[in-house]
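# Geometric and topological summary
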Amino acid sequence: MFYDLHMHSCLSPCAENEMTPNNICNMALIKGLDLIAVTDHNSTKQLPACAEAARNIGIGMLFGAELESSEEVHVLALYRRLEAALSLQPWIDAHMPGIPNDENYFGNQLIMNANDEIIGKEPQLLIVSLTATLDECVEEIHRTGGKAILAHVVDRKNSVTTQLGFIPPDLPYDGLEIKRPEQIKEVIARNPWIKENETEWLIDSDAHTLIDISEAVNEISEDTVARLWGDLQ
Amino acid sequence: MTIQQLIEQTGWKPVTKDADVTKEINGAYCSDLLSWVMGKGQPDQAWITVQSHINVIAVAVLREFSCVILAEGAHFPENVISRAEDEDLVLIESDLPVFETARKLIELGV
């Protein structure tokens, strides 16, 4: 299956308004992807519309969010079931710092229905660090039945590498996300205790625009998906 | 100056029990991005930060810092303190913001 499990909808202030539930699913379909996930910053509120759009359009979807820990490390929470992903929201709400969004500076945070109609706006700024440590984020993701994937692990911004120097060996994460396959070598050079063959590697786009959604180049086996998230059916 | 002298003259609390406070402090380094600290910290410096993740201990040992000062009234978690004690690394907590903590060190001649 061709996949891309990290992209932002128009709920993320930094994403383009064209990133609507239907546009995302249709573009992913055109690109030949089989499995996608919408992972907005610190929010699951776009997921109900995305789930309906994915079902209507006929593309596989996991449900998630990109959490930012108090150390300013980004970690993906990915779930097989919509309801499980939504069950993370009260915990997120309890750990938001409560900073209002300035649309003119950060961009708007649009919540849509399955017809791509705006049904609300998130008033709190989403690109913030939660008042929960990385350990606490991973623990809560697991408690709600999700998988914790450390996001863009060698990026220069908000990665575990920039913030914490290296991947904490005792952190019970489920996978590591990179942008390109050759980054596996870089991750292992910086974290020599990591075994290439014993690690789940995801190569995602982190798209904020339609054009940046991955082409059909990165494959994940149904076995791997089933091992991480159970049977998709 | 030594860590012991710093503690006596500032009133800041060492949170590690048995770690060696007779070490000399030569200069200080301020940053919360551990990737930068790993690349730029120098031996015997006091490291001022608001970062209290357990990776702080490994980075401080790697750079041979004299001690780590956690500013802004933040607290080190228990597991971090015990890891520091294993490594004989002194952890200190300061109520002052990072800039004021650094100013204090400068005033004391660090």
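Residues numbered from 1 in each chain as written. Chains lettered and ligands numbered in written order. Predicted model: local features only at pLDDT ≥ 70, side-chain atom pairs only at ≥ 80, totals over all residues.

A few words on the overall build of chain A. Assigned secondary structure in chain A consists of nine helices and nine strands. A compact globule built from 233 residues should have a C-alpha radius of gyration of about 17 Å, and chain A, at 16 Å, falls within 12% of that. In terms of its C-alpha atoms, chain A occupies a principal-axis envelope of roughly 50 × 40 × 30 Å. (Helix = DSSP H or I, 4+ residues; strand = E, 2+ residues; numbered from the N terminus. Rg over C-alpha atoms; globule rule 2.2 N^0.38 Å.)

Moving on to the overall build of chain B. Helix and strand counts for chain B come out as five helices and five strands. Starting at the N terminus and ending at the C terminus, chain B contains elements arranged as α-β-β-α-β-α-β-α-β-α. A compact globule built from 110 residues would reach a C-alpha radius of gyration of about 13 Å, and chain B, at 12 Å, matches this within 12%. With the principal axes as the frame, chain B shows a C-alpha extent of 30 × 30 × 25 Å. Across the 110 residues that make up chain B, the buried fraction comes to 38%. The contacts in chain B between residues at least 6 apart in sequence include a share of 50% that link residues at least 24 apart. (Buried ≥ 20, exposed ≤ 12 C-beta atoms within 10 Å, placed from the backbone. Contact = placed C-beta atoms within 7 Å.)

So, about the environment of His41(A). All names here are of chain A. Tracing the sequence through the fold places His41 in strand 2 (residues 35-41). C-beta crowding within 10 Å serves as the criterion here: with 22 such atoms nearby, His41 is assigned to the buried category. In the structure, His41 is positioned 142 residues away from Gln183 in sequence and 24 Å away in space, judged by C-alpha atoms.

To continue, consider the interface of chain A and chain B. Taken together, the contact between chain A and chain B spans eight residues of the former and 10 residues of the latter. The class makeup of the residues in the side of chain A that touches chain B is three nonpolar, four polar and one charged. (Nonpolar A, V, L, I, M, F, W, Y, C, P; charged D, E, K, R; others polar.)

Now for helix 3 (residues 55-62) of chain B. For helix 3 of chain B, the set of buried residues is Asn55(B), Val56(B), Ile57(B), Val59(B) and Ala60(B). In this structure, the buried side of helix 3 of chain B is in contact with helix 7 (160-164) of chain A together with helix 2 (34-40), strand 3 (46-49), strand 4 (67-70) and helix 4 (78-86) of chain B.

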